[in-house]
Amino acid sequence: MGIEGEDERSESSELRAGAAGSEHGEDPGNASGGTASEKRHASREADRREASDQASSAERSSADRSSGRSPREDGDAASREDEPVFPGVPDSSTDDDEAVMVPEGGSTPPRPREGADQTRDGAIRTDGVGPVDDEEACSPSTCTCGEKTADPAPAADDRRVVTDGAGVSNVDSEGNLGDLEFTEPAEGVSQDVYDDSPDVRVGIPDGLDLETPEYSIRSEMNDIETPDEKTWFMELDEAVIDEGRCIQCGTCVAACPSDSIGVGEDDLPKLVKMCTGCSLCWDFCPRGGLRYERQWKITGGEDNVKGAGDPITEFSAKVDDDWTDGAQDGGVVTGILATLLEEGEIDGALIATESEDEPWKAESFLATTEEELIANAGTVYNQTLALGNLDLKQWEHKLPEKDWEDLSLALVGTPCEIEGVRALQDFDWDYQKQNEGIRAVDYTISLMCTKNFNYYSLIGEQLEEKRDISPEEIGKMDVLHGKMMVYDHDGEMIVEEDVENFHDAALKGCDECADFTGFCSDVTVGSVGSSDEYSSVIIRTDQGMKAWELTEPKLDYHDLEDKSAVGKLQGWDKKKAFESLERPFDPDAPRFIDYTDHAENYGTALNPHDQGH
């Protein structure tokens, strides 16, 4: 458009000014005869009148006063049509320019016309093309024509922060970052920005009392009770774990088909994700739904209940080798496992090892060499939750490069752990992460056991606190002839007391166990019935006999020295269990005990989750 565009807009302004003048009885022709400045003011006055054309007369009067004219003068001008009137120009009889009052302009800048006094080279153009002269052109921040065309842009250091109306918490009005307080990151645990317990509500308005609803709200909302035959981890927790009856065998962890059960920092089973209510954790728990005495008969036959069971044969034996100095008794367990590895019968053995961080605390370990077996010879008197460590992925770095389905493992454990794995193997169910490990166990060796201990109670409270014996001082521990015996690293005995003195450190659930000799294992090994430096060995199955025959050339052995000693201790263990069990001991009853029956015998709650467990 260029200059022609300026002419068109100027002509349009003149037409509007003329129309406004006619509306008030003014002659647009006379108005056009004034100076360029007068015409510009007249044009602006006409625009104002056109915009306020629907306003009240009071508003027009106010507008007239702002232009320097009174209503009376307006009426006189309307009556004298023959006299030229210049709209919007105040009457002044003085030549003093300061006495002339010019109304303030609107927001629209004046538009110079070609030939007008203000029109000159370099004036700003409004057609979007740019200035006529790049060197002297107006810009939004610089005016060369004498007329301010727009507010200058704010300086870079004077910019304000744009917010959503709520303000910016860490930036001031000048855009400067203020002092901030950051929450220190947690170490070793998930970040917690609150000091409260994670189940405590935060941000509750003052005066408002809210209670976090318990699980029981589900029943209140639906008015539906959970069927008694559907058993959840909460039942196991209620009846066994919370009651202190858990024996830390890990069977519930292995049985869970959804991998919902893990191990907590207290070495007890805990729910790590949603429970599906499949009942398997309850069914296979030796202190819950598994009637372990029935499992004895299913595994070993009708005669596998009386005395020490129905073994094939029994020996007192020891390994004739130098490394047995660090072993428990005769080192037979280590000898059998080393032979099975050497003969290619197994790819590894799940055993106990001592924790690197906590002396004398047992942890599960998969030994795949004879050196690893010898290094871990001996007994540690606390549970490892062995069955909870049959997830082969955690041992993948130690296993040979072969399919897991072809792996063969040996498991060394307490009688309750062997009961659990035997029961799991009887059912062709998918145990998820633990499944391949459960199926891979081909040899089981049970350690004679009257009771086991809680590590922190035995080592921390009983020995360290009460008897001032540091865990680092202990070289060997043994429970023999009803005595707890502790030796230092030089072989000197530093504790010899009745094992009953350590009763408070024992696992409460062990009192209910009647299985001293491991009825469900392939081989049972212990010290009762043999002289010092010899181990008592009971062969129970054909698989156990195979392991014995492979190991026999490396052993110094003879018939079991004192069978009656084993039988007596087995009888004592059963008597103790019968006194502690609150359910009937019945080897002929169904293998699995319903939770409703258990609750009736033990007085635990039915559907504890409905009661806010």
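Bear in mind the structure is a predicted one, so any value in this text is a computation, not a measurement. (Residues numbered from 1 in each chain as written. Predicted model: local features only at pLDDT ≥ 70, side-chain atom pairs only at ≥ 80, totals over all residues. Heavy atoms only, no water.)

(A) Spatial organisation of the overall build of the chain. Looking only at helices and strands, one finds 18 helices and 13 strands in the chain. Out of the 613 residues in the chain, the part that is buried amounts to 43%. For the chain, the proportion of contacts with a sequence separation of at least 24, taken over those separated by at least 6, is 66%. Total accessible area on the chain is roughly 33400 Å²; 45% of this is exposed by carbon and sulfur atoms. (Helix = DSSP H or I, 4+ residues; strand = E, 2+ residues; numbered from the N terminus. Buried < 20%, exposed > 50% of the residue type's maximum accessible area, 1.4 Å probe, protein only. Contact = heavy atoms within 4.5 Å. Areas by Shrake-Rupley, 256 points an atom, 1.4 Å probe, with all protein chains shown as cover.)

(B) Just the sheet that holds strand β9 (residues 483–488), in detail. A sheet is described by the order of its strands in space; here three strands give the open sequence β8-β9-β10, paired in antiparallel fashion. The open sheet has two free edges, formed respectively by β8 (474–480) and β10 (493–498), since each of these has just one partner strand. Pairs of neighbouring strands in the sheet enclose a mean axial angle of 10°, with direction left out of account. With five bridges joining them, β9 and β10 adopt antiparallel strand pairing. Note on β10: the bridge partner recorded for Val486 is Val495. Its contacts with the sheet place helix α15 (residues 455–467) against β8, β9 and β10, and it is angled at close to 105° to β8. (Pairing = 2+ DSSP bridges. Axes fitted to C-alpha atoms, helices over the stretch in contact; angles between N-to-C directions.)

(C) Just helix α17 (residues 563–580), in detail. Spanning 18 residues, α17 covers 26 Å between terminal C-alpha atoms, matching the ideal 26 Å at 1.5 Å per step. Taken as a whole, α17 has its buried residues at Val566, Gln570, Asp573, Lys574 and Ala577. Angularly, the buried residues of α17 cover 100° about the axis, an arc narrow enough to put them on a single face. The exposed residues of α17 that point more than 90 degrees off its buried face are Lys568, Lys575 and Glu579. (Expected span 1.5 Å × (residues − 1). Arc of directions from axis to C-beta.)

(D) Spotlight on the side chain of Ser355. Position of Ser355 among the secondary structure elements: in the loop between β4 (348–354) and β5 (362–367). A polar atom in the side chain of Ser355 sits 3.1 Å from the backbone nitrogen of Asp357. Within the local environment of Ser355, its side chain forms a polar contact with the side chain of Glu363, the two groups lying 3.2 Å apart. Each residue touching Ser355, except ones within four places of it in the same chain, is listed here: Lys361 and Glu363. (Polar contact = N/O pair within 3.5 Å; in protein donor to acceptor, adjacent residues only side chain to side chain.)

(E) Examining the packing of helix α11 (residues 332–342) against helix α16 (residues 542–551) more closely. Contact pair α11 / α16: the axes reach a minimum separation of 9 Å and the direction vectors enclose 90°. Taken together, α11 and α16 sit at an angle that is classed as roughly perpendicular. Between α11 and α16, the contacting residues are Gly335, Ile336, Thr339 and Leu340 on the first element and Ala547, Leu550 and Thr551 on the second. Its residues assigned to classes, the contact of α11 with α16 comprises four nonpolar, three polar and no charged. (Parallel < 35°, antiparallel > 145°, perpendicular 65-115°, else oblique. Nonpolar A, V, L, I, M, F, W, Y, C, P; charged D, E, K, R; others polar.)

(F) A look at unusual backbone geometry. One non-glycine residue, Ser279, lies in the positive phi region at around 85°. One can find Ser279 in the loop between β2 (269–271) and α9 (280–283). Look at Leu385: it is not a glycine, yet its phi comes out positive at around 50°. Positionally, Leu385 belongs in the loop between α12 (370–375) and β6 (409–413).

(G) Inspection of the pattern of salt bridges at higher detail. Here the structure, examined in full by the defined rule, presents 16 salt bridges. A salt bridge links Lys361 to Asp267, with the nearest nitrogen and oxygen atoms 3.2 Å apart. With Lys361 in the loop between β4 and β5 and Asp267 in the loop between β1 (261–263) and β2, this pair connects stretches of sequence that are 94 residues apart. The two residues Lys361 and Asp267 agree in class, both being buried. Across the pair Lys483 and Asp498 runs a salt bridge, and its minimum N-O distance is 2.9 Å. Of this pair, Lys483 sits in strand β9 while Asp498 sits in strand β10; the two residues are 15 residues apart in sequence, bridging distant segments of the chain. (Salt bridge = Lys/Arg side-chain N within 4 Å of Asp/Glu carboxyl O.)

(H) Up close: the environment of Asp586. Relative to the helices and strands, Asp586 resides in the loop between α17 and α18 (595–602). Expressed as a C-alpha distance, the spacing of Asp586 and Arg294, which sit 292 residues apart in the sequence, is 7.2 Å.

(I) Summary view of the packing of helix α10 (residues 292–300) against helix α13 (residues 415–425). The N-to-C vectors of α10 and α13 enclose an angle of 65°; their axes lie 10 Å apart at closest approach. Where α10 crosses over α13, the handedness of that crossing is left-handed. Residue-level inspection shows Tyr292, Gln295, Trp296 and Thr299 of α10 in contact with α13, the latter providing Glu419, Arg422 and Ala423. Considered class by class, the residues forming the contact of α10 with α13 number three nonpolar, two polar and two charged. (Left-handed = near helix turned anticlockwise from the far one by under 90°.)

(J) A look at the confidence of the model for the chain. Here the chain averages 77 in pLDDT, and 64% of its residues register 70 or above. Across residues 1–41, where pLDDT falls below 50, the model places 48 contacts with residues more than four positions away in sequence or in other chains. Segment residues 54–73 is flagged for pLDDT under 50; beyond a separation of four residues in sequence, or across chains, it makes 15 contacts in the model. (pLDDT = per-residue confidence, 0-100.)

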